[in-house]
Amino acid sequence: MESFYVSHTLATTDVEAVVAALQGRNAFVTPAHKGCVVVLDEAAESQQPEVVLALGCRLSNELAVPVLVAQNHDDDILLLALCERGWVVDQYNSAPELFEPDPDAEPIGPQGGNAGRLAEAFGSPQTEEIERILRLSSGEEGYLFAYERHFALVKALGISEYGVNTGYKYLAAGEYPAGLEAGQLIRIQADGG
């Protein structure tokens with residue numbers, strides 16, 4: 001299974017404010033679910049860090065809410081960022097060694113990610129479980145696919161899973177995550193259509 005997606009999960013239930021903040025972009029916005037709204041943005045699907053993180057920072061600043069940015073690269077790497085007040089305040093990489101120039105280098109395991117800060121941002125009492133999820137290795141001894149780690153994390157945070165294993169291109173193609181139907185999504189188009 002090859003999966004590439006980017007999602008921004010906002011700690012808010014104010015769908016209208018999220019939609020207003022995204023005007024001029026191509027994006028999908030989910031209904032409020034488990035205290036969050038998820039944004040799936042077309043430009044972020046490029047997986048260019050400056051685009052992905054800029055959107056998370058902008059939304060966190062304009063809406064004054066924490067934003068969890070999740071980027072799944074080929075289901076091998078899960079990159080996370082927590083944005084608050086317009087800044088990236090925490091970052092995580094589940095498999096930094098995958099882009100290591102030396103193929104014989106020893107795996108160093110997941111790097112970054114502050115479980116306490118993530119738990120606090122989303123009001124989760126599961127700090128120890130979040131830490132376990134972040135530190136578990138990738139591969140046969142841990143999470144085989146990056147989306148599995150992402151799903152476990154949102155479950156421990158108690159937030160919407162609508163941003164797991166889906167992205168703008170999947171929704172545009174009519175592929176919806178479990179529990180979500182086309183009529184529940186708000187589609188924003190840059191041309192106003």
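In short, a report on the structure. All values derive from a computational prediction rather than experimental measurement. Within any chain, residue numbers begin from 1 and follow the written order of that chain's sequence. Residue-level local features of this predicted model are given only where pLDDT is at least 70; pairs of side-chain atoms are given and counted only at 80 or more, and the full residue set underlies all totals for whole chains, interfaces and linings. Side-chain figures throughout are based on the complete set of non-hydrogen atoms in the structure, without hydrogens or water.

### Here we look at the overall build of the protein chain
Condition: In this description a helix means any DSSP run of H or I spanning at least four residues, a strand means any run of E spanning at least two, and both kinds are numbered starting from the N terminus. Here the globule rule reads 2.2 Å times residues to the power 0.38, and the radius of gyration is calculated from C-alpha atoms. Between buried and exposed lies partly exposed: a residue is buried under 20% and exposed over 50% of the maximum accessible area for its type, with that area taken using a 1.4 Å probe on protein chains only. Contact criterion: two residues are considered in contact whenever any of their non-hydrogen atoms come within 4.5 Å of each other. Only the protein chains shown count as cover for residues, with accessible areas throughout obtained via the Shrake-Rupley method and a probe of 1.4 Å. For the purpose of charge, His is not counted, nor are the chain termini; Lys and Arg are scored as positive and Asp and Glu as negative. Charge positions come from single atoms, namely NZ of Lys, CZ of Arg, CG of Asp or CD of Glu.
Helix and strand counts for the protein chain stand at 6 helices and 8 strands. Counting from the amino terminus, the protein chain carries its helices and strands in the arrangement β-α-β-β-α-β-β-β-β-α-α-α-α-β. The C-alpha atoms of the protein chain give a radius of gyration of 16 Å, which matches the 16 Å a tight globule of 193 residues would have. Based on the C-alpha atoms only, the size of the protein chain along its principal axes is roughly 50 × 35 × 30 Å. The buried share of the protein chain, reckoned over its 193 residues, is 46%. At a minimum sequence separation of 6, the contacts of the protein chain that also span at least 24 residues come to 59%. Total accessible area on the protein chain is roughly 9200 Å²; 50% of this is exposed by carbon and sulfur atoms. With 11 positive and 29 negative side-chain charges, the protein chain shows a separation of 7 Å between the mean positions of the two kinds.

### Quick word on the sheet that holds strand β8 (residues 186–188)
The following threshold applies: For two strands to be treated as a pair, DSSP must find at least two bridges joining them. A fitted line through C-alpha atoms represents every axis, and for helices the fit uses only the stretch in contact; the resulting angles, taken between N-to-C directions, go from 0 to 180 degrees.
Strand order in the open sheet made by the 8 strands is β7-β6-β5-β4-β1-β3-β2-β8, with antiparallel pairing throughout. Across the chains shown, the open sheet's two edge strands, defined by having one partner strand only, are β7 (111–112) and β8. Against the sheet, helix α3 (residues 115–122) touches β1 (5–10), β4 (67–73), β5 (77–84) and β6 (87–93), its axis set at about 55° to β5. Where helix α4 (residues 127–135) meets the sheet, its contacts fall on β5, β6 and β7, and the angle it forms with β6 comes to roughly 55°.

### Looking at the nonpolar core
Going by this rule: Buried Ala, Val, Leu, Ile, Met, Phe, Trp, Tyr and Cys residues form a nonpolar core when they are joined through side-chain atoms within 4.5 Å.
Counting 26 residues, the largest nonpolar core has L68, L80, F122, I130 and L157 as the members making the most contacts within it. Contributions of two or more residues to this core are made by β4, β5, α3, α4 and α5 (146–157). With 6 residues, the top contributor of residues to this core is α5. Not counting chain neighbours up to four residues away, the residues in contact with L157 comprise L68, L118, A119, F122, S124 and I130.

These figures come from the coordinates and say nothing about function on their own.
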